[in-house]
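The lines below spell out each chain.
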Amino acid sequence: MSATLDIAVVGATGTLGRALLEVLGDSRFPVGKLYPLASERAAAEGDTVTFRRHDLSVGDTEGFDFAKVQLVLLAVPAALADSLAADATEAGAAVLDLSAAQRHNPALVLADLNCSGPAAGQRVVCPDGLSLALASLLDGLAPAGVEMADITALLPVSAHGRAAMDELAGQTTALFNLSETTTQVFDRRMAFNLLPASLAEHQRQHADITRLLGSPAVGLSLNLATAPLFFGATLALTLRGSAVNLDAVRAVWAANTLIRLEDDAAALSPADAASRPDLTVAGLQQQGSQLCAWVAFDPVRWAALHALRLSARTLAALHQPA
């Protein structure tokens, strides 16, 4: 049997689903058959997606035989995830769940940075892109004298899904045309605005990161807001500690293949980072007992790239000699 995986991308017409298809398509990952799936409405409307220069028709999730695939990438709303994951695992497929449905469930394996990926008939929960990025940044910093990380994250509307992007586009056009704006995804106008996250959103995100890191040696203070950007996030990062060491922190990040270091913060922007496969840390400088830097990445793409890494590990496990 050739070392390929037949894959179903469920939620293929959404923002995260399209990012998964793009990341898979740009990689050398040996995909056998690819099944892009979405709701009955999307399939009925004749949606297509592009994968490795081929246009593929989007199939209906309902009634799909998951026994056709070895791996399911689940990028659907939380309300739909549990039933679809159950159908897929019962059919023997490995399921990587990128929804928020079970991120706090200790009974399910969390796909952290060192996870081996889902096995056949197993459901593994993937953290969101922001949590994965922060885990990469904070990992290994305690020996460098870092005791606390203060982070302000400005997130793009793509982190809230396709409907949020459509809303920002519509509001922007309406404002230029001196027309009334409408809101559905957000409770206030998003265009040319900045919306801080609610207390509940802060608590959910902190819980996600805490579960991902376990009992981190570095404390975390996090502030979240959504900016009127389609793609790309910016983090204002401050690391504090009585013995914090600039060279030691730089060495930790330089050794991390997921992190790219830039000397000048002016070289950094969220739009630039949206097309890169890494976290970009720029303008790292020491101010007394603290270090300051800017970080840019794309949270949707970051989650998709992590899913690609886990898919590769699943492929290796399924095809290793008995």
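For the structure itself, consult the block above.
Note that the structure is a prediction, hence the values are computed from the model and not measured.

Colleague: Let's hear about the packing of helix H1 (residues 15–26) against helix H9 (residues 299–318): which residues, and what values?
Modeller: A pair of packed helices can be characterised by two numbers: the angle between their axes and the separation between those axes. At a minimum axis distance of 9 Å, the contact between H1 and H9 shows a crossing angle of 50°. The orientation of H1 relative to H9 falls into the category oblique. Of the two possible hands of crossing, H1 and H9 adopt the one that is right-handed. Residues Thr15, Leu16, Ala19, Leu20, Glu22, Val23 and Leu24 of H1 form the contact with H9, whose own contacting residues are Val300, Arg301, Ala303, Ala304, Leu305, Ala307 and Leu308. In terms of residue class, the contact of H1 with H9 is made up of 11 nonpolar, one polar and two charged.

Colleague: I'd love a proper account of the packing of helix H4 (residues 129–138) against H9, names of residues and values included.
Modeller: Running from amino to carboxyl end, H4 crosses H9 at an angle of 75°, the nearest separation of the two axes being 7 Å. For the element pair H4 / H9, the angle class is roughly perpendicular. Taking contact as the criterion, the partners of Gly129, Leu130, Leu132, Ala133 and Ser136 in H4 are, on H9, Pro299, Trp302, Ala303 and His306. Its residues assigned to classes, the contact of H4 with H9 shows six nonpolar, three polar and no charged.

Colleague: I'd like a description of the environment of Gly140, backed by residues and values.
Modeller: With respect to the helices and strands, Gly140 occurs in the loop between H4 and strand E10 (148–155). On a C-alpha basis, the gap between Gly140 and Val252 in space is 6.8 Å, while along the polypeptide they are 112 residues apart.

Colleague: Can you break down the environment of Ala111 residue by residue, with the values?
Modeller: You can see Ala111 is positioned in the loop between strand E8 (109–110) and strand E9 (123–125). Assessed through its relative accessible area of 0%, Ala111 is described here as buried. For Ala111 and Glu62, which are 49 residues apart along the polypeptide, the C-alpha to C-alpha distance reads 26 Å.

Colleague: Account for the sheet that holds strand E12 (residues 219–226), naming residues and giving values.
Modeller: An order of E11-E12-E10-E13-E16-E15-E14 is seen for the seven strands of this open sheet, with the pairing classed as mixed. Strands at the two margins of the open sheet, each flanked by one partner only, are strand E11 (195–196) and strand E14 (259–262). In terms of strand pairing, E14 meets strand E15 (residues 279–287) through four bridges, oriented parallel. Residue Arg260 lies in a different strand from E15, and its bridge partner there is Thr280.

Scoring rules and cut-offs
- Residues numbered from 1 in each chain as written.
- Predicted model: local features only at pLDDT ≥ 70, side-chain atom pairs only at ≥ 80, totals over all residues.
- Heavy atoms only, no water.
- Axes fitted to C-alpha atoms, helices over the stretch in contact; angles between N-to-C directions.
- Helix = DSSP H or I, 4+ residues; strand = E, 2+ residues; numbered from the N terminus.
- Parallel < 35°, antiparallel > 145°, perpendicular 65-115°, else oblique.
- Left-handed = near helix turned anticlockwise from the far one by under 90°.
- Contact = heavy atoms within 4.5 Å.
- Nonpolar A, V, L, I, M, F, W, Y, C, P; charged D, E, K, R; others polar.
- Buried < 20%, exposed > 50% of the residue type's maximum accessible area, 1.4 Å probe, protein only.
- Pairing = 2+ DSSP bridges.

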